[in-house]
Amino acid sequence: MKTEPCWGWLRTAAWYVWILPDFVLRFVVQWWSTRPWSSLLLGLPAIVSGLALLAVEPWHNRALPDEWARRYDQAGMSALRQGDLQAADVYFRRVAMLDESSPAACYGLALTAEQQKDLPRARDWMLRIAPATEAGHAPAHFWLAKDLIRQKKPLDPQDARVLEHHLQQAARSPAHQMESRVNLAQLYMLRGETGTAIAQMELAAAERPALQLDLAQLYELGGRKADARRAAAKAGEFFEARTLAEPRQPPPRQAWAASLALQ
């Protein structure tokens, strides 16, 4: 007697399972034969658009976060060049959201603050990725070094050490290597370290012939007469060619005369 309700439930379930396919088939046939197909034609553009969006979404998600961060960084730099500071700020903040460890966001936000004439905020952003005592983002180190130089104030020993650190770190970047080495040479000359200044200028002059004249002058100050004449001769050849190419420009002619005097 206790099992009767159980068997009744099973018979009912079996009956539904048996008739369900037939019910579904009848419903589909009836639906198919009674639909107003004109409505389908009117809604076809929306259906096609929806399918297109469904196809685009997987492609959109294939791009990794760092790829989107790179794209936003490029868009932010483009906005900076065009003077659209509001758009640049938005793009660089999106970079920060996608990749908190990337220095690109801080660097971009610092450049944006600089164009907004907010130098204290620009320095704060730069110092986050280019500390005064550790290696950081080379372009930010270069910016901070130039910031110290353009303040045009006498450097105390602490500021001089900070400037040296920023220039040394900036020299790791190919884009800022040349100017960083020239500035390092000038800093070492101010400190009376002629030999160290010469070493930096030699590296810079190897890539930019115009600096051979500055190198010759450093050799002269360091008492290296033969090296000074050799560097002056290289500078003379370079500035002579520049003078012949641009005879109306005084600077190449003056540098040519200076190189001849050193010889």
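Preceding this paragraph is the structure being described.
Now for a quick tour of the structure. (Residues numbered from 1 in each chain as written. Predicted model: local features only at pLDDT ≥ 70, side-chain atom pairs only at ≥ 80, totals over all residues. Heavy atoms only, no water.)

A count of helical and extended segments in the chain gives 13 helices and zero strands. Overall, the chain shows an N-to-C arrangement of helices and strands of α-α-α-α-α-α-α-α-α-α-α-α-α. When burial is assessed residue by residue, the chain has 31% of its 263 residues classed as buried. Sequence separation of at least 24 residues holds for 41% of the intrachain contacts in the chain that already meet a minimum separation of 6. (Helix = DSSP H or I, 4+ residues; strand = E, 2+ residues; numbered from the N terminus. Buried < 20%, exposed > 50% of the residue type's maximum accessible area, 1.4 Å probe, protein only. Contact = heavy atoms within 4.5 Å.)

It is worth spelling out the packing of helix α12 (residues 225–245) against helix α13 (residues 250–262) at this point. The contact between α12 and α13 brings their axes to 8 Å, and the two run at 155°. In terms of axis orientation, α12 runs roughly antiparallel to α13. Pair α12 / α13 crosses with left-handed handedness. Along the contact surface, α12 presents R229, A232, A235, G236, F239, E240, R242 and T243, while α13 presents P252, R253, A255, W256, S259 and L262. (Axes fitted to C-alpha atoms, helices over the stretch in contact; angles between N-to-C directions. Parallel < 35°, antiparallel > 145°, perpendicular 65-115°, else oblique. Left-handed = near helix turned anticlockwise from the far one by under 90°.)

What follows covers the side chain of H166. With respect to the element layout, H166 can be found in helix α8 (residues 157–170). Judged by relative accessible area, which is 2%, H166 ranks as buried. If sequence neighbours within four positions are ignored, H166 has contacts with A130, P131, A132, H141, L144, A145 and L148.

A few words on the environment of Y219. Assignment of secondary structure puts Y219 in helix α11 (residues 212–221). Judged by relative accessible area, which is 7%, Y219 ranks as buried. Taking the C-alpha atoms as reference points, Y219 and A197, 22 residues apart in sequence, are found 9.8 Å from one another. Once residues within four sequence positions are removed from consideration, Y219 is found in contact with I198, E202, R224, D227, A228 and A231.

With that settled, consider the nonpolar core. Judged by nonpolar contacts, the single largest core of 24 residues is most densely connected at L163, M201, L211, L215 and Y219. At six residues, helix α9 (residues 177–190) tops the list of elements feeding residues into this core. Discounting residues that sit within four places of it in the chain, M201 has contacts with V182, A185, L211, D214, L215 and L218. A88, A110, W143 and L144 belong to the second-largest nonpolar core, a separate cluster that totals 19 residues. (Core = buried A, V, L, I, M, F, W, Y, C linked by side-chain atoms within 4.5 Å.)

No statement about biological role is implied by the geometric values presented.
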